[in-house]
Structure formats: C-alpha cells, structure tokens
4 protein chains.
Amino acid sequence: MHRERFYTLSASCPDQVGIIARVTGFIAEHKGWILESSFHADSVDGRYFMRIEVKADSVPFMLAEFRERFRPVAESLQMNWRLSDSAVKKRVVILVSKQEHCLYDLLARWQSKELDIEIPCVISNHDALRGFVEWHGIPFHHVPVAVENKAQAYAEVQRLFEESHGDSMVLARYMQILSPDLCANYPGRILNIHHSFLPSFVGAKPYHQAYQRGVKLIGATCHYVTSELDQGPIIEQDVIRIDHSDSPEDMVRYGKDIEKTVLARGLRYHLEDRVLVHGNKTVVFR
Amino acid sequence: MHRERFYTLSASCPDQVGIIARVTGFIAEHKGWILESSFHADSVDGRYFMRIEVKADSVPFMLAEFRERFRPVAESLQMNWRLSDSAVKKRVVILVSKQEHCLYDLLARWQSKELDIEIPCVISNHDALRGFVEWHGIPFHHVPVAVENKAQAYAEVQRLFEESHGDSMVLARYMQILSPDLCANYPGRILNIHHSFLPSFVGAKPYHQAYQRGVKLIGATCHYVTSELDQGPIIEQDVIRIDHSDSPEDMVRYGKDIEKTVLARGLRYHLEDRVLVHGNKTVVFR
Amino acid sequence: MHRERFYTLSASCPDQVGIIARVTGFIAEHKGWILESSFHADSVDGRYFMRIEVKADSVPFMLAEFRERFRPVAESLQMNWRLSDSAVKKRVVILVSKQEHCLYDLLARWQSKELDIEIPCVISNHDALRGFVEWHGIPFHHVPVAVENKAQAYAEVQRLFEESHGDSMVLARYMQILSPDLCANYPGRILNIHHSFLPSFVGAKPYHQAYQRGVKLIGATCHYVTSELDQGPIIEQDVIRIDHSDSPEDMVRYGKDIEKTVLARGLRYHLEDRVLVHGNKTVVFR
Amino acid sequence: MHRERFYTLSASCPDQVGIIARVTGFIAEHKGWILESSFHADSVDGRYFMRIEVKADSVPFMLAEFRERFRPVAESLQMNWRLSDSAVKKRVVILVSKQEHCLYDLLARWQSKELDIEIPCVISNHDALRGFVEWHGIPFHHVPVAVENKAQAYAEVQRLFEESHGDSMVLARYMQILSPDLCANYPGRILNIHHSFLPSFVGAKPYHQAYQRGVKLIGATCHYVTSELDQGPIIEQDVIRIDHSDSPEDMVRYGKDIEKTVLARGLRYHLEDRVLVHGNKTVVFR
C-alpha cells in the first residue's frame, strides 16, 4: 500500500509484440514514476492484461488529461481500460440481512482506514442492524423483501444505489437473490460472498450440503454477481479444515471466519483495481 | 457446540491403568450421558489429560453435588481437576489500546452469541474506543499507563478485574506489558495475542523484524501471559503467506486478520475448558 | 506413533449411557494400559464411535483370546468392531498407470519404514514402471485394460489381490475405472486419490474443469472406492492456491504435490484403523 | 510453464524513471514476444527488480548475440543481470545423507521431466542410497565426512562439483555443515532445506526444540547457504499444523512432507531464474 497519491491503469487488449513498451514508453515520456506494475498474457485466448500504478506528482498532468493523452495509445492497442486516482475514494454500498459478522468486519476496516472508502449507506431487508450502522454515522435503509414486492424492493435498492452515487455494491451475507435485471445493470460492480467453496454446494444451506457429503474442508467464495446464481467470476476463495466432530452449526461458525476474510480480501482487490474480468474468470493482480 | 446444558470435567493426573474406566464408570453409575470426551497420555512425562462433557439433565444432581461426589474419585487418582456448568456464563474482561480490529471481532462474536459470555467491562490505556464499547452497553474504563504510574495503573486494572468478578482477562492488542505481579496472580487466566509466530520475533515491532529477515510467512500466537514476556504456554497459532512485495505496513494489515482469528479461536478453547496447561505447554482438546 | 506393540480396537454402536465405561472397564479389569483413545458421538444419527490402543504386553492374552473375551461386551452393545495387532503388517496392493509421483512417494515412505506395511505386488495397466518397482524387490504385474477385455482384466486384478492376501488396494493414480463388481467386493478396502476437491469436478480432467471455472484453489481427495464414480466416503482432502497465471499444465504439476500428500495421509489413517465408515461419510480419529 | 524455447532476463538496478520502457523497448525493437514479465520496486532501498521471458524464435538472434546487444542497455541502467536459455538444462548436484525422502521426491520430479535438469551426480557422506541413485543411471560418490578429514572432504565435494560443471548444489537433507569457504565460493548457488520455520529453531534437532516450546505449527525453510549457519536468504517456507498429541517423532514424520515440498518449490524458483538475491533477502517472482 502506497501512501502517496497515484493513478492506476488497468487494461486488457489483444496480445501482440510491444504492448508493454508502448504503454510504459508513454509513461516514461512524461517522466511517470511507476510504483507497481503487473502483466499477464493469457496464451490460450491471446489476450493481454496489465495494471500499472504511476505516482501522481511525477506526471505533469491530472487524471483527466492523463486519460486524454493516453487514449490514442489505448485505441491503437484496442484496449479495454480504466484509469483511477487513489485520492478519489470509492463509494461502496453495503447490503446485509441479519448476520452481523461481515458488517462488523467491514466497518472495523473502514474505521481504521484500512478500507479507505466512502460508505454512503447500508441497505438491509431487516431492521436489526440499524443502530450499529447509524452509530458509525452511516445512513441505514430498511428495504423489506417479500414474495409479493420483489420487483419494487429491488427497484428501491437500485434507486438508493444510484442516489448514493455508488461505485460498487457489496452483498455482505445479504440473504436475498437480486433480480437478474439488477445484476445485469452493474456487471463487475456487485460483489457477493458465498458460503461455500464454489462450484461445490451452489444455492441454499451449503454447510448442510457439506455436512451431508462429509467433506474435510469447507470454504467461502467472493465473486461478482451475475444473473446466474453463484455462477459469476470468482475473485477470491479460501477454506478451513473441519472433521467428523463438527456439526452443521459448527461449520456455520467456522465458515463465518472464512467468509469475512475472503470478502475483505476480494473487496480490497476490487477497490484497488486489481481485478480484471475475462469472460467468466478473473485476473487478480495481488 | 451443544445447545443443551452440560457439565464439563477437565482434569489431569499421573498416568496409570484404569483411569478412563474409573472416571467414566463413576459417570455411568449415575446414568450420565457423555456428549463429548477426549483423552491424552503424555508418554514422556507420564501424565494423563482428559475433558468430558456430561449432559446436565442426565445426572440426578446439580454441579455442587457432582463436585462433592466426584471428589473421592479425583483424590484417589491425584487429579488436578475442575468442573464447570455451561449455563454459567464466563466473565471476560477485555483490555485494549487504540487498535480496534480484535475488539470489533470479539464484540461481533459476543453480539451474535457465538461467544456466549459476559463482558463486565473493557479497560483501555486510551480513551479512543469508549464510544464503541459503550454503544454495546458495556462499561468502559480508561486507565492511562505512563512510566511514572505503572504500579498504580496495574493495581487499578486488578481492582477493576476483581470488582467485575472476572474469570479471564483478554489482552486484545493491549500495547502495554503487564507487571510480573499481575501476571503471577492469574496463572492460566490472562490471554494475549502476540503479533508473530512465536518463538520468532519476540518483543516489539515483530512485523518489522519479519520484514528484515525476509520470511515468506507471518503469523500470530495466542498464549497465556506469564511474567516472562512472550514466553507463556501457547494455545493457538496461525500464519499467512507474504512475499517480497509486501512492506512492513502490508504485513501489519495482513497480520490483523490472523491476530483476530487466532485470538478468537484461542479464547473459545479457553472458555470451553479445552485448554489444560502442562508446564509451559498446553493440551488443547479441540 | 508408538514403537511398542499394541492392539487397536475400532468400533461403532448405537449410542447409550455407559459405553466408554463398559469398554474401558473391560480393559482395566485385565490391567490393559491404554496408549491412545478417541470417542465420537454422532448426535444426529445416535451412533457412537471409538478407537482404543492397548499396549500388547499389558494384557495377559494374545489377540485371538482378546477377541474371544471381548465378544460378549461387543455383543451386548450391538457393536460393529475390529481388533488388530500392530505387529501384523498390513498387506497393501498398489495399482498404478504411467504417472509415477504417488508411487515414488509411497515407496519412499515404505523404504524408510514410515509406512510399515507389506507390498506383495504392484499392478499396472502399463509396463512403464516395472523396473522401478522390481528394483525395490516388489513383484510387478502388467494387466493391460482395453475396451474389449475389461471384465477379464478386472478378474485378473482381483485374482492377484486374492493371491497376495491383500488387505487393502490403493489406486495411486490408476487411470482406469474399476468395475462395480470389484468395488462392491471390497467395501472400505480400496482407496483412490482423485485429483480434485470433491464434490467439485467429478470425472475426467478435473484440472481442466478447474481452469475453465476459474477457481482460486485446487485440491485432491482420498476416498474409498464404491461402485459410484468419485462418490465414495471421503477420508482426506487438501487444497493449494493457484492464480490466473497458472495454465492447466501448471495445475497438473501443483496438483501432484497435493495428491501424493493427501493419499499418504489417507492411507496412513486407514492402515492405523483410524477410519470408521459411517454411511457415505467417515469418522477419522487422527 | 512454457513448452516453447525462451530466453529469461533476470536483473536488478537502481530505481529511476523509465526502466521498464528502456528494457521492453529494446525487446520490442527486435520484435521480441514477451511470454511472462514481473517487476518489483523496493521503495525502501530504491532498487528495481525484473524478470522477463522472451520467446526464442521471436528474436532474430541467439543467446550470445542477445547478450551482446543488451549489454549497453544494462550498463546504462547499472544493472546486475543474467540471461538464460530454456533449452540449456541446468546442472544440479545433489548432496544427501541417509534420509531418502527429499531424494526420492527430486528424482521422481526429474524422471517425469517436471524438473527438466541434468543431475551429473549425487554426493553423500554415507553409502546407503548408492543403489537407488545408480538405478536411475546417475553417478554416486561416497565422500565420508569425519571430524579429522573435513577440509579434505569438502575439497573433494568441490572438486566433484567443478568436474561435473555443476550450476547449483542442493543439500537434500545433507546432515553436515559445509565449510565457510565452500559456501563463500558459490553464493546464491547452494540451496539447503532446513527442517524448521526459520528464524525459529536454528541448528540441530529443530523438531525437538519445537516440541519443547509447544508450538502449534511446524515448518521448513529452503534458503541459500551462506557461511553463517541457517542465516542465508530465505527462498520458500511452509508450515503444517500439529497438536499436543504429536511426539517429536510424529513431527519428524510430518516435517518430511513439508521439507520435500518446500525444497522442490524453492529449487524450481531458483532454476527458472525466479529468485533474485537482495542483501540477505530474496525477490521471488512466482
């Protein structure tokens, strides 16, 4: 983690000779000081990925001009790219239900500035965590979800997200399945933590499924939400060892520790523009 | 984790033929239903360790009478033993400084009843976390520690602990070294989380020491506090992978995730009477 | 691991009051010295599991008489049980194909007596590893398997196993699917190492499946073979971290390290009678 | 792992603006196709590290000319650098004592071409593993080491290494301490596997030290050998969980699994020029 202000370029393009030279040549030409850089060639698909951090005060322009000047380079390489500024805090809207472990974990990281973000609001289908959220000075919106009002509820979630100028939405053990529409509106911007080591145990009660199958490790998966349940691009995963003496309830308890850690790691990668989506997979430049 | 009320016998004694038979024979005689049982023979030292959970309503007596009736068995085996009741919540006093990650983690577990304890108070040498603690309805005591008032400060900590009828004291990243006297007064009752994989990097700034040595994994250690700094019996440890790109600040950040998990696991083992101290080591019946 | 000779009792029975007392009472009555003991109550199914090691020279009888005398206790508790003698080496027949990593690993452990077993023979559908096996003084049988001779081939495998008085069969990356008949003949006696973290990626080319799905960890599973492919009771599993830069070939390479370790651990648990099958799950007393 | 022939540039130099641009500009100028590239800036020491793989048939020259042409670029950047050819197999001399687990592991990887190296000879202070080594067609040299002949023995080891045109020497559980002279002659070319998680438990019998201290994880460390015992730059480490029931002998057994895996990983990083030594630390581009 760098304390100095920096710009982050994240990009992918068809692979060819000279990509790094072109991009870093442009940066060097403007005396840009590279703090960190990562490159990856996917030889199966012939696609090239990169992430470069440039010290902000080493270049003689601000973000908008950087973007303008870099555009011709990017176009000549047929790039998908984005450029961000570490001084502009990302705005993250958190969705929760009743379980508090991920929320406590995220707010602790936010309090200590480990997660240097804005949290414009927390949205929940229950009212249980209002006090805790509001004590932190963060607005809390209770949006109940029932069988008969789903469309309306998700429309309200979307309205609140838009109104908050949210960059990303984090489902921190939000126990409702977002509508396919909502998912489709924000590709690569909604993160979920699923309480199993996907692709094992898709859907409901994964710890009970794990107990039935008698596995010796359980896990959690942070992934981008797509309209297909638990099928989106995986960002981060981890596991923990269990044994025959663990009941489904024990697994739930162990699982929480993995869930919050995996979600926090995945979210950090996402916020630092370390994650590039590639089809249904991700490149993660840790 | 059992929902039903149960009694837990934790004991050690010199090894000999027939120990399990004697103890479980006594329990069976009173129709005691054993929920969980663990045994360990230390063949080097010839000492025997055990932990047995008995369903409370399966035996025809309460804790006090259980204790009375079991005493002759224990004496004939020269046991060190204790018997506890799952219905009596342990009282845990938490000590913190300014870093909040372990405190948030412990209070989240307490809120969700994963840690089913009483927290009579939190004590800190800073006032920073007062609001957060008090929001949870837990009394907060600010006991500043300065070079010139150490004896007085630790006397106050001890007074507050006694007044709270505390069973255990948890140093949740409390950045002061308790006086040897205070440590000696509560053997096996004060838990600390040290931010290194002991015995590596004893003392101050372990992550900086780890950075200097160029290790590829960093860790954390939950141990009982004794009067010798960072030398007490180890309860639980874990590590996380790092690499050359991680600065000491990155290690501090990664380390926090390990610290809070290891402390929570160690504390749970302790509270469930799963830890038996044996010289400067522990038997942990997970 | 104990150097002294010992008898191992592995058993399960319906749960009730007094099981441990009955069993350990019997042992104590004969002055049996218990080296290690483990117990587990499955509260969902109401079944009780145990494993007890008794020092051989502490009891005044040999295995056969021990068995005779224990029978009434076992019957009164409706036990499934077995009693084994650490001085009688288990006979393990190994099946391999062309990949050598698991075979090298097992033979290294056998050479160093870490695996204190007899290997009466190695069977392979290829002739490639003959020299290596025979150099170790172990007979090698080449039993080709083709579409048209499968029944005959598996009959030959079974004949060789019987002729060898094999106790267990280990599929050490044997790339053929045994016939359902053969599997059914030896329940709980054939171990396989599957190169994925089951239940993910059942069947062929699991690393390629893992690559396609973009998972961040890959694993291996040691399980008992049943007539349903990759569905048998799981004994042991582990995983290793990968990332976007790893090709399927890299995963195959990483996977080998997990495969051989997981197989060796699972096999050791099996050989030391630490594994009790319970429906399609296992109790493993490590 | 790439199957095609490639050249690997590994280099470090003082950090400044434009390093990547200069180096990759040179490569692009010659139409060099970059397969893999990694960069690291050590901001504390102001030093820059890189590793670049270039497809051999994409550039219009062979290794010697590549080296000649790149020299001016390297000199202008004050680089320490080396350039290697994936078609030239590294020559690795293995030193062992009596324990066979690392040797079996390395030879299995060599047999399967996972380790695509030449092993010109194995040197041992015992004769025990001669047959196994020679069966593989590898010369075996027995060089006994006794208190009175140490200087002579290490001179013989050095003579054999030189005669073999060895690139690297691997101490695969070689239980002798090489002379400081021998270590100093081959900086960054001798790899050792130490059976503890350094810096814990330096020196003899680390598992017994670990048992005494009561740690809950044990580990292994692959490091470059320097004249200071167990103090050289660390390449790779890993750990495994143990508990109170594990004797020192159990730890030795568990430890072997970690030792061979950590040694194999460290050796592969070294052979693929992924390790750059930086003072007493390493940059490892995995």
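Residues numbered from 1 in each chain as written. Chains lettered and ligands numbered in written order. Predicted model: local features only at pLDDT ≥ 70, side-chain atom pairs only at ≥ 80, totals over all residues. Heavy atoms only, no water.

1. Examining the overall build of chain A
Helices and strands together make up the secondary structure of chain A, namely 8 helices and 13 strands. Relative to the compact-globule value of 19 Å for 286 residues, chain A shows a C-alpha radius of gyration of 20 Å, a close match. Expressed along its principal axes, the backbone C-alpha trace of chain A runs to roughly 60 × 40 × 35 Å. For chain A, the proportion of its 286 residues judged to be buried stands at 63%. At a minimum sequence separation of 6, the contacts of chain A that also span at least 24 residues come to 67%. Of the side-chain charges in chain A, 34 are positive and 37 negative, and the distance between the mean point of each set is 2 Å. (Helix = DSSP H or I, 4+ residues; strand = E, 2+ residues; numbered from the N terminus. Rg over C-alpha atoms; globule rule 2.2 N^0.38 Å. Buried < 20%, exposed > 50% of the residue type's maximum accessible area, 1.4 Å probe, protein only. Contact = heavy atoms within 4.5 Å. Lys, Arg positive; Asp, Glu negative; His and termini not counted. Charge placed at Lys NZ, Arg CZ, Asp CG, Glu CD.)

2. Some words on the relation of the copies chain C and chain D
Under the fitted operation, chain C is carried onto chain D by 0.0 Å of movement along the axis and a turn of 180°, and the coordinates agree to an RMSD of 0.0 Å. Read as a symmetry element, the transformation amounts to a two-fold axis. A high fraction, 100%, of the interface residues of chain C reappear at the interface in chain D, so the copies pair face to face through one surface. (Least-squares fit on C-alpha atoms with pLDDT ≥ 70 in both.)

3. Thoughts on a nonpolar patch on the surface
On the surface, I177, V202 and L229 of chain A cluster together to form a nonpolar patch covering roughly 240 Å² of accessible area. Relative to the helices and strands, L229 of chain A resides in the loop between strand 10 (217-224) and strand 11 (234-241). (Patch = residues over 30% accessible without salt bridge, like charges linked within 9 Å, V, L, I, M, F, W, Y side chains within 5 Å. Areas by Shrake-Rupley, 256 points an atom, 1.4 Å probe, with all protein chains shown as cover. Salt bridge = Lys/Arg side-chain N within 4 Å of Asp/Glu carboxyl O.)

4. Overview of the domain arrangement of chain A
Residues and elements named next belong to chain A. When the domains of chain A are assigned, the result is domain 1 (6-85) and domain 2 (92-284). The C-alpha centroid of domain 2 is placed 31 Å from the C-alpha centroid of domain 1. Tallying the contact residues gives 15 residues for domain 1 and 7 residues for domain 2. Summing both sides of the interface, domain 1 and domain 2 together bury roughly 850 Å²; the carbon and sulfur share of this comes to 50%. In terms of surface lost to domain 2, no three residues of domain 1 exceed F49, R51 and R82, which account for 53% of the buried area on that side. There are 3 salt bridges connecting domain 1 and domain 2. (Domains from an automatic or database assignment. Buried area = accessible area lost by both parts, 1.4 Å probe.)

5. Re the interface of chain C and chain D
The interface is formed by 26 residues belonging to chain C together with 26 residues belonging to chain D. Between chain C and chain D, the buried area comes to about 2,300 Å², and carbon and sulfur atoms account for 50% of it. Between D257 of chain D and R109 of chain C there is a salt bridge, and its shortest N-O distance comes to 2.9 Å. Taken together, the links from chain C to chain D amount to 8 residue pairs in polar contact (both at pLDDT 80 or more). Elements that contribute at least two residues to the side of chain C that touches chain D include exactly helix 3 (101-111), helix 4 (130-135) and helix 8 (248-271) of chain C. Tallying contributions element by element places helix 8 of chain C first for the side of chain C that touches chain D, with 10 residues. Tallied by class, residues from the side of chain C that touches chain D come to 8 nonpolar, 5 polar and 13 charged. (Polar contact = N/O pair within 3.5 Å; in protein donor to acceptor, adjacent residues only side chain to side chain. Nonpolar A, V, L, I, M, F, W, Y, C, P; charged D, E, K, R; others polar.)

6. Considering the pairing of strand 5 (residues 92-96) of chain C
All names here are of chain C. Among the 5 residues of strand 5, 5 are classified as buried, and the element is accordingly described as predominantly covered. Burial of strand 5 is two-sided: the residues V92, I94 and V96 facing one way and the residues V93 and L95 facing the other way are all buried. Direction of pairing for strand 5 relative to strand 6 (residues 122-124): parallel, over a ladder of 3 bridges. Across the sheet, residue L95 finds its bridge partner in strand 6, namely I123. Between strand 5 and its parallel partner strand 6, the chain crosses via helix 3, and the hand of that crossover is right-handed. (Pairing = 2+ DSSP bridges. Right-handed = clockwise from strand over helix to strand, strands pointing away.)

7. Looking at the state of the cysteines
Every disulfide links exactly two cysteines, by a covalent bond between their sulfur atoms. A complete count under the given rule lists 0 disulfides over all chains for this structure. Free cysteine C222 of chain B: the closest other cysteine sulfur is in C102 of chain B, separated by 9.7 Å. C183 of chain D provides the cysteine sulfur closest to C121 of chain D, a residue in no disulfide bond, and the two sulfurs are 17 Å apart. (Disulfide = S-S within 2.5 Å.)

8. Details of the relation of the copies chain B and chain D
Between the two copies, chain B and chain D, the superposition gives an RMSD of 0.0 Å; the rotation angle is 180° and the shift along the axis is 0.0 Å. Looking at chain B, 100% of its interface residues are interface residues in chain D too, so the copies touch through the same face.

9. With respect to the interface of chain B and chain D
In this complex, chain B contributes 37 residues to the contact, which on the side of chain D involves 37 residues. Contact between chain B and chain D buries roughly 3,000 Å² in total, counting both sides, with carbon and sulfur atoms accounting for 50%. By the criterion of area lost to chain D, the three top residues of chain B are R213, K216 and H244 of chain B, representing 24% of everything that side buries. If you look at where chain B meets chain D, you find 4 salt bridges. Here D238 of chain B ties to R241 of chain D by a salt bridge, and the two come within 3.6 Å at their closest N and O atoms. Scanning the region where chain B abuts chain D turns up 18 residue pairs in polar contact (both at pLDDT 80 or more). Of all the secondary-structure elements, those providing two or more residues to the side of chain B that touches chain D are strand 2 (34-42), helix 7 (206-213), strand 11 (234-241) and strand 13 (281-284) of chain B. For the side of chain B that touches chain D, the element with the highest residue contribution is strand 11 of chain B, accounting for 7 residues. For the side of chain B that touches chain D, the residue count by class is 15 nonpolar, 11 polar and 11 charged.

10. Thoughts on the sheet that holds strand 5 (residues 92-96) of chain D
Residue and element names in this part refer to chain D. Strand order in the open sheet formed by 7 strands is 7-6-5-8-9-10-11, and the pairing between neighbours is mixed. One side of each edge strand has no neighbouring strand; the edge strands of this open sheet are strand 7 (140-142) and strand 11 (234-241). Looking at each pair of strands side by side, their axes are set apart by 15° on average, direction ignored. Note: strand 5 against strand 8 (residues 168-171), 4 bridges, orientation parallel. When the sheet's bridge partners are listed, V93 is paired in strand 8 with M169. (Axes fitted to C-alpha atoms, helices over the stretch in contact; angles between N-to-C directions.)

11. Quick notes on the environment of V54 of chain A
All names here are of chain A. Within the fold, V54 resides in strand 3 (residues 47-55). A residue is classified by how much of its surface remains accessible, and V54, at 2% relative accessible area, is buried. With sequence-adjacent residues up to four places away left out, V54 is seen in contact with F6, Y7, I27, G32, W33 and V59.

12. A word on the packing of helix 8 (residues 248-271) of chain A against helix 8 (residues 248-271) of chain B
Across the interface, helix 8 of chain A lies against helix 8 of chain B with an axial gap of 12 Å and an inter-helix angle of 175°. Relative to helix 8 of chain B, the element helix 8 of chain A lies roughly antiparallel. Within the contact between the two elements, helix 8 of chain A uses R253, Y254, D257, T261 and R268 of chain A and helix 8 of chain B uses R253, Y254, D257, T261 and R268 of chain B. Across the contact of helix 8 of chain A with helix 8 of chain B, the residue classes break down as 2 nonpolar, 2 polar and 6 charged. (Parallel < 35°, antiparallel > 145°, perpendicular 65-115°, else oblique.)

13. Structural notes on helix 3 (residues 101-111) of chain B
Residues and elements named next belong to chain B. Counting buried positions along helix 3 yields 10 of 11 residues, so the element is predominantly enclosed. Considered for burial, the residues of helix 3 that qualify are H101, C102, L103, Y104, D105, L106, L107, A108, R109 and W110. A positive phi of about 65° marks K113, the residue just after helix 3.

14. Here's the deal with the sheet that holds strand 10 (residues 217-224) of chain C
All names here are of chain C. One open sheet holds the 7 strands; their spatial order is 7-6-5-8-9-10-11, and the pairing between them is mixed. Taken across any chain shown, the strands that pair with only one partner, and hence form the sheet edges, are strand 7 (140-142) and strand 11 (234-241). Taken over all neighbouring pairs, the strand axes of this sheet differ in orientation by 15° on average, direction set aside. For strand 6 and strand 7, the ladder comprises 3 bridges, and the chain directions are parallel. Its bridge partner being in strand 7, I123 is matched across the sheet by H141.

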